[in-house]
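# A structural walkthrough
Here is what each chain is made of, one letter per residue.
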Amino acid sequence: MEIHMKRLFSAMLITVLFVVSSGFCGAPGTLKWSIKPEPSNIPSPAIAKDGTVYVTGGSRLKALNPETGGINWSYDSGMPINAAPVIMPDQNICVAGANGTLYIVDSSGLLKFSRNFGDGFINQQVAVSGEGNIFLAYGNILYCLSPELETIWTYVASDTLDSSPVIGQDGSIYLSCQTARTFYGINIDGTLKFRQTYPWAAGNSYDNGAFLGIPSIGASGQVYIGDSAGYLREVDPLTGALVREWAGIDRSSMTCQPAVYNNGYNIIGCTNAVIYGFHPTTGSYRLLSFLEGATYSTPAIGFDGTVYLGVSYQTTHQTYYFYALTPVFGGSDWSNWYFATRWSYLVEHPMTASPVLGSDGTAYIGTTDGYVYAIYTENTGYQNNSP
């Protein structure tokens, strides 16, 4: 009897350890916690290796306890911080201030480095390479900075650069600008790779004043970018030449960063409450899902292909849901592909930021009025190409 009870206790202990270590502590689609650390917009959070959740809002960078949402520490820059935090390879955090200053804060909340680049706002997130180099677009200059914010090189463009830089598979940097339909590729040494101004999409003069959004990188290095007139383009990563273009059902803006499935399909939200899927070779599209509102942010794609995103804008019910959407591919028939709602959680606040997925199976997302929500999911990480 004693031996049997010991075996039973050991089995129970193993089960408990498995449940805890697997990261799933709550039913997917249920709330883990929510807090309101600021009265203003919360951009996308960032998650450190130890699970700490970093958020910006107001003039502060805050470190949140992933289990409770409690504030571990807060760093006050003294100026509004409008861009999302970025965690560097050494686990320091880089944030940008509205006074044209970059700040490097360590994981205990102490300022390590800061550098001012001018009087203008820095509203876009920086990009950080695997070596810790920081890429900042400010005015018409792209900076490559060391982890200590020392200049490695600069590229002076002929246009105002206004998108977050994105690093390609070969280390090149891609970004758009304030000139209509114009796109830059910069080599890893700071020399110009290409500057391309694309023709009106599908010959449509409506696209004349369209601005490009934030680019995304596919599994084979392809570069995809949407625009404010409802078109998505694939461009050659070496020359910037137009490979193909897709048109949505109307001219609703698609300037958020596309998400690229492992099978090559592009997924992008837009201002008409539709999630589009674009076929990687035919140029055709599918309306994958109709949401209860527009989405302005990039979806997160989990290991199993589940797509997570929040509603950004509504004009009627003012009900803002956070969605988990399951892809239904319909075999090899593209015309049968759609998204089924796996679950939805009523947040009741607009979400213009992209969600992030923690290794404990939690999705974190900020709202425009200062809330951070932690919602249990079924995924403990991203698919390979999720931005």
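Anyway, here's the lowdown on the structure attached to this text.

Calculation criteria
- Residues numbered from 1 in each chain as written.
- Predicted model: local features only at pLDDT ≥ 70, side-chain atom pairs only at ≥ 80, totals over all residues.
- Heavy atoms only, no water.
- Helix = DSSP H or I, 4+ residues; strand = E, 2+ residues; numbered from the N terminus.
- Buried < 20%, exposed > 50% of the residue type's maximum accessible area, 1.4 Å probe, protein only.
- Salt bridge = Lys/Arg side-chain N within 4 Å of Asp/Glu carboxyl O.

Another aspect to go through is unusual backbone geometry. Across the chain, the bulk of peptide bonds are trans and the bulk of non-glycine residues have phi less than zero. Unusually for a residue other than glycine, leucine 149 sits at a positive phi of about 70°. As for its placement among the helices and strands, leucine 149 is situated in the loop between strand S12 (141-145) and strand S13 (151-156). Owing to a relative accessible area of 3%, leucine 149 belongs among the buried residues under this scheme. The phi angle at arginine 181 is positive, at roughly 55°, despite the residue not being glycine. Following the sequence through the fold, arginine 181 ends up in the loop between strand S15 (173-176) and strand S16 (182-186). Taking the relative accessible area as the measure of exposure, arginine 181 reaches 9% and is therefore buried.

This part takes up the pattern of salt bridges. Tallied over the entire structure, the rule returns 11 salt bridges. For aspartate 360, the salt bridge is made with lysine 32, and the minimal N-O distance between the two is 2.8 Å. Taken together, the residues span a long stretch of sequence, with aspartate 360 in the loop between strand S30 (356-357) and strand S31 (362-366) and lysine 32 in strand S1 (residues 31-35) at a distance of 328 residues. Since its relative accessible area comes to 18%, aspartate 360 is described here as buried. For lysine 32, a relative accessible area of 16% gives the class buried. Aspartate 170 is the partner of lysine 193 in a salt bridge, and the nearest nitrogen-oxygen pair spans 3.0 Å. Remark: aspartate 170 occurs in the loop between strand S14 (166-167) and S15 and lysine 193 occurs in strand S17 (residues 192-197); sequence separation between them is 23 residues.

That is the geometry; function is a separate question.
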